[in-house]
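So you can see what is in the structure, the chains are spelled out below.
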Amino acid sequence: MTFRRIRILLLLGVLAAAAGMTWLEQSMVRGWRAPLAVAVIPVNGDGSVPAAETIRALQAADFDDINAFLERETARYGVKQSPAMQVALLPESKQKPPAPPRDGSVLKTVFWSLKLRWWVYRQSDAWLPQLGTIKLFVLYHAPQDGLALEHSLGLQKGLIGVVHAFADPRQTRQNNIVIAHELLHTLGATDKYAAGGMPVYPQGYAEPELPQHLPRREAEIMAGRLVNAAGRLVMPPSLEQCVMGAMTAHEINVDEGFRRRFASGR
Ligand SMILES: [Zn+2]
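For every chain, the first residue of the written sequence is number 1, and numbering continues from 1 onward in sequence order. Under the rules for a predicted model, residues below a pLDDT of 70 receive no local features and side-chain atom pairs below 80 are neither given nor counted, while totals for whole chains, interfaces and linings still include all residues.

(A) Representation of the overall build of the protein in the model. A tally of regular secondary structure across the protein gives seven helices and nine strands. The globule rule is 2.2 Å times the number of residues to the power 0.38, and the radius of gyration it is compared with is taken over C-alpha atoms. Expected size for 266 residues packed as a compact globule is a radius of gyration near 18 Å; at 19 Å, the protein falls within 12% of this value. Over its C-alpha atoms, taken along the principal directions, the protein stretches across nearly 65 × 55 × 35 Å. A residue is called partly exposed when the number of other C-beta atoms within 10 Å of its own lies between 12 and 20, exposed at 12 or fewer, and buried at 20 or more, with C-beta atoms placed from the backbone. For the protein, with 266 residues in total, the buried portion stands at 34%. Where helices and strands are cited, they refer to DSSP runs of H or I of at least four residues and of E of at least two residues respectively, numbered from the N terminus.

(B) Inspection of the packing of helix 3 (residues 64–75) against helix 5 (residues 172–186) at higher detail. At a minimum axis distance of 9 Å, the contact between helix 3 and helix 5 shows a crossing angle of 55°. Considering the angle they form, helix 3 stands oblique to helix 5. As helix 3 runs across helix 5, the sense of the crossing is right-handed. Contacts between helix 3 and helix 5 involve Asp65, Ile66 and Phe69 on the former and, on the latter, Arg173, Asn176, Ile179 and Ala180. Working convention: axes come from line fits to C-alpha atoms, limited for helices to the stretch in contact. Angles between N-to-C directions cover 0 to 180 degrees. Between 65 and 115 degrees an angle is taken as roughly perpendicular, under 35 as roughly parallel, over 145 as roughly antiparallel, and anywhere else as oblique. Put simply, a crossing is left-handed when the front helix is turned counterclockwise from the back one by less than a right angle, and right-handed when it is turned clockwise. In this description, any two residues whose backbone-derived C-beta atoms lie within 7 Å of each other are considered to be in contact.

(C) How the structure looks around unusual backbone geometry. Omega for the bond connecting Ser82 with Pro83 falls within 30 degrees of zero, at 0°, which places this linkage in the cis form. Structurally, Pro83 is set in the loop between helix 3 and strand 2 (85–89). We note that Trp32 has phi near 55°; this positive angle belongs to a residue other than glycine. Note on placement: Trp32 falls in the loop between helix 1 (3–29) and strand 1 (36–44). By C-beta crowding, Trp32 is classed as buried, having 24 other C-beta atoms within 10 Å. Not every positive phi belongs to a glycine, and Glu207 is a case in point at roughly 45°. Mapping Glu207 onto the fold places it in the loop between helix 5 and strand 6 (219–220). Taking the C-beta count within 10 Å as the criterion, Glu207 has 14 such neighbours and is therefore assigned partly exposed.

(D) Spatial organisation of helix 4 (residues 106–123). Residue count minus one, scaled by 1.5 Å, sets the expected span of a helix. Spanning 18 residues, helix 4 covers 25 Å between terminal C-alpha atoms, matching the ideal 26 Å at 1.5 Å per step. Among the residues of helix 4, Leu116, Arg117 and Val120 are the ones counted as buried. Taken around the axis of helix 4, the buried residues stretch over an arc of 95°, which confines them to a single face. Opposite the packed face of helix 4, turned more than 90 degrees from it, sit the exposed residues Leu107 and Arg122. On its buried face, helix 4 is in contact with helix 1, strand 3 (133–141) and strand 5 (160–166). The positive-phi residue at the C-terminal boundary of helix 4 is Asp125, with phi of around 65°. Directions drawn from the helix axis to the C-beta atoms are what define this arc.

What follows is the structure, encoded as structure tokens:
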């Protein structure tokens, strides 16, 4: 066998193993039979003092409103789980996760996704991958006027989220909106906003039965923004003003999880 063929076989083997792991993990987290296991790993995103201070002061309780949101919203679709998730706050990672390719070509993205999963596995310091644990890397950045953060992302493959957040206690509640959004991506939820950040009607709106032009006070979590009474596109102050729409609930299998439970007589 030529070297080239061996290389291709090896790559196919890695891809098959990764696909098998994805399937197994997805069936674990999308069954809604137990609280989601979520590991939060803080990272100093810009090497700044505010980011270091924010990380030093972090507590698992800082993410409590994500649990409250998940409990409240999944309950509307029939899942009764308290808590909905359990957060383990892990020590800071001194390394940053590999950045996604800028041009977004399919092949580069596939390689990057494998690289990211391999990187996360090595970070875990464990012999076996922690199957079924959602790993959220939160990169803190000192807030600066006019500074836009890099795009956060959440991958179903490997249950990995990379979240860019502001190192400012006043931003904690909005950071949690971004974290919840990326967490739901890892469970299979898709974005519900269009170019420019406008929510897609009706699935990206709270109270989708109302006409689109009416102002809203709440945002659908996978749209992340709402159009308020002043006609402005804004992010709500906290997860208390966020809802999970029917399409998102379906994508993360909440309604199916409920149906199965109900059918099994529980
Ligand atoms: Zn998104």
